[in-house]
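# Descriptive structure summary
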Amino acid sequence: MNAAPHDDAPTWPAGFAERYRAAGHWRGETFTGVLRARAAAHGDRVAVVDPADGRRAWTYGELDRRAARLAAGFATRGIARGDRVVVQLPNVAEFIEVVFALFRIGALPVFALPAHRETEIGYFCSFTEAVAYVIPDRHAGFDHRELATAVRARTPGLKHVFVVGDPGEHTPLSGVPCEDSVPLAGPEPHDLAFLQLSGGTTGVPKLIPRTHDDYIYSLRGSDEICGVDEDTRFLVVLPAAHNFPMSSPGWLGTLYAGGTVVLCPRPDPATAFALVEQERVTMTGLVPPLALVWTEAAADTGHDLSSLELVLVGGAKYSEAAARRLEPALGCRLMQVFGMAEGLVNYTRLDDDPETVVTTQGRPISEDDEIRIVDDAGQDVAEGEFGHLLTRGPYTIRGYWRAPGHNRTAFTEDGFYRTGDIVRRTSNGSLVVEGRAKDQINRGGEKVAPEEIENIILAHPSVHDVSVVGVADAFLGERTLAYVILRDGAEPLTPVAVKRHVRERGVAAYKVPDLVEFVDAFPRTGIGKVSKKGLRTGPSAAGPAATPADPHRARTPRH
Ligand code: OOB
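Since the structure is predicted, the reported quantities are computational estimates derived from the model, not experimental observations.

Further remarks concern the sheet that holds strand β21 (residues 417-425). Reading across from one edge, β19-β20-β21-β22 is the order of the four strands in this open sheet, with antiparallel pairing throughout. This sheet does not close on itself; its edge strands, each paired only once, are β19 (370-374) and β22 (431-436). Taking each pair of neighbouring strands and ignoring which way they run, the sheet shows an average axis angle of 45°.

Shown next as structure tokens:
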């Protein structure tokens, strides 16, 4: 396909790109160049530890050689620069090998999450015109090969399915590598490196095009802020495909610094604490519900957690009370991180006073991250007031991939990304996330677009109308509640039947509504649209926990 890298999405105007280069943010590096340089400088240091299969530890030299051989094998099979490849792997060493092999070719990984199912994967493969899909054989009790067979049957452009493990009817990944005799042109630093997934507010997820230059800058900035260096041993607890464990500072930030990445197969404290002890882990990143579980479990763990120096918590709002408990429980420093796959990442700092660390979500990586906090009319609010967060900068995208219509509303005319978050800035310049204006539910860091689930429920023959909202939850922060209006005379449904209907449509399990309530009518706003705000403060069945999850969330007319 070899599409010119920037045809599919807006990029930074020339003046900005020049400024970011002149400032030394964009240094003309590529991921391939970075790995080669690290392998040349310290080829014998361990880059990746995968505790499964009797513990595999790959050095930088080995990772580089493996990526080169796999790239050659992919290229031999026709995978070329600019091609998209959907990668859906759990936290295994092959994930990193595959990604660096694709980088070497200049093919773009599309980072699916292990939880995604046929609806999402089918969409990623067809929308990106992917030529290949990389999967595990089975993961968490699910057979990905069957999913791949189903997706392939309806996606003729998908030429290859590569499997880590037993391939079934597909191609074993282990058979792909070959001698890298033909040099690959590879990408330029300003080319796209991969497509990340947005949390989404619409019926289908949007794809986020990130370049080598911009992403590597965010890694370098993150490494500096978090103190990542060659001695860092970073535990990847969250799914490696997500932007947070990938780059804040994450496994890519750790590899950039020459440290060691330890892959954690499951996030529970029993698994993770054992790895912290065995691998002398120094740093990790967690979403708030997991941080809570770890904090509680640390009290009576038999494992030695003394190597832990820093735990980053982000992806959703971390309550101040929980934040206060983390450092004493885990015996390490806390850093809050408020980021987004579209770019902007904020961190509290190691030299912030303790109150700032527990009460704010930090400040941007870069002095060139432009922040505006505006009211509904787009006017800057007074200092300290809350408003909509808009941002523009050296690692924040200027548009989603192949989404010109959506881009017109998701970005301002002068290129600021409308984050959909409601924030205020404290007197010391830190941001506090106060809520959200976008139609998205943040289920403990996992993002759910209500519209996507509403469309699925609406397809049920007994359903007249539906509205999916977030309700406050002590553990997850929010969980999902579907208000369903049944058709007159339709077969009565149970909540279980509605959940089963969603699950059977083949979507990630975290999108199945936690609660379902049948109602006769939704509260209406003056203009006759569904008021989700009214729904959240409304009826009873969500139980006593159903207080408004977010006082600032806008009404969201849809129908
Ligand atoms: C991270 O990335 P995404 O793309 O899954 O989600 C971004 C959204 C933000 O716009 C915000 O609504 C929410 O997640 N969020 C937070 C938060 N961190 C993210 N809300 C409140 N407090 C926080 N600390 O979630 C992500 C990407 C990179 C680093 C960290 C998180």
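Attention now goes to the side chain of Gln88. Locating Gln88 in the fold gives a position in the loop between β3 (84-87) and α4 (93-105). Setting aside chain neighbours within four positions, we find Gln88 in contact with Ala112, Leu113, Pro114, His116, Arg117, Ile121, Tyr133, Val134, Ile135, Pro136 and His144.

Attention now goes to the domain arrangement of the chain. In terms of domain boundaries, the chain breaks down into domain 1 (31-44 + 60-187) and domain 2 (441-548). With centres defined by C-alpha atoms, the gap from domain 1 to domain 2 works out at 36 Å. On the side of domain 2, eight residues touch domain 1, which itself brings seven residues to the contact. Buried area between domain 1 and domain 2, both sides added, is near 480 Å², and the carbon and sulfur share of it is 48%. Among the residues of domain 1 in contact with domain 2, Ala115, Thr119 and Glu120 are the three that bury the most area, contributing 68% of the side total. For the pair domain 1 and domain 2, the interface holds one salt bridge. When the shortest N-O distance is used, the salt bridge between Glu120 and Lys511 registers 2.7 Å. For the pair domain 1 and domain 2, the number of links is five residue pairs in polar contact (both at pLDDT 80 or more). The residue inventory of the side of domain 1 that touches domain 2, partitioned by class, reads two nonpolar, two polar and three charged.

Quick look at the side chain of Ser366 now. Within the secondary structure, Ser366 sits in the loop between β18 (363-364) and β19. For Ser366, a relative accessible area of 6% translates into the label buried. Side chain to side chain, Ser366 and Tyr217 meet in a polar contact 2.8 Å long. Engagement of the side chain of Ser366 in a polar contact is seen with the backbone nitrogen of Asp368, the distance being 2.9 Å. Residues in contact with Ser366, not counting those within four places in the same chain, are His25, Tyr217, Pro394 and Tyr395.

Definitions and limits used
Residues numbered from 1 in each chain as written. Predicted model: local features only at pLDDT ≥ 70, side-chain atom pairs only at ≥ 80, totals over all residues. Heavy atoms only, no water. Pairing = 2+ DSSP bridges. Helix = DSSP H or I, 4+ residues; strand = E, 2+ residues; numbered from the N terminus. Axes fitted to C-alpha atoms, helices over the stretch in contact; angles between N-to-C directions. Contact = heavy atoms within 4.5 Å. Domains from an automatic or database assignment. Buried area = accessible area lost by both parts, 1.4 Å probe. Salt bridge = Lys/Arg side-chain N within 4 Å of Asp/Glu carboxyl O. Polar contact = N/O pair within 3.5 Å; in protein donor to acceptor, adjacent residues only side chain to side chain. Nonpolar A, V, L, I, M, F, W, Y, C, P; charged D, E, K, R; others polar. Buried < 20%, exposed > 50% of the residue type's maximum accessible area, 1.4 Å probe, protein only.

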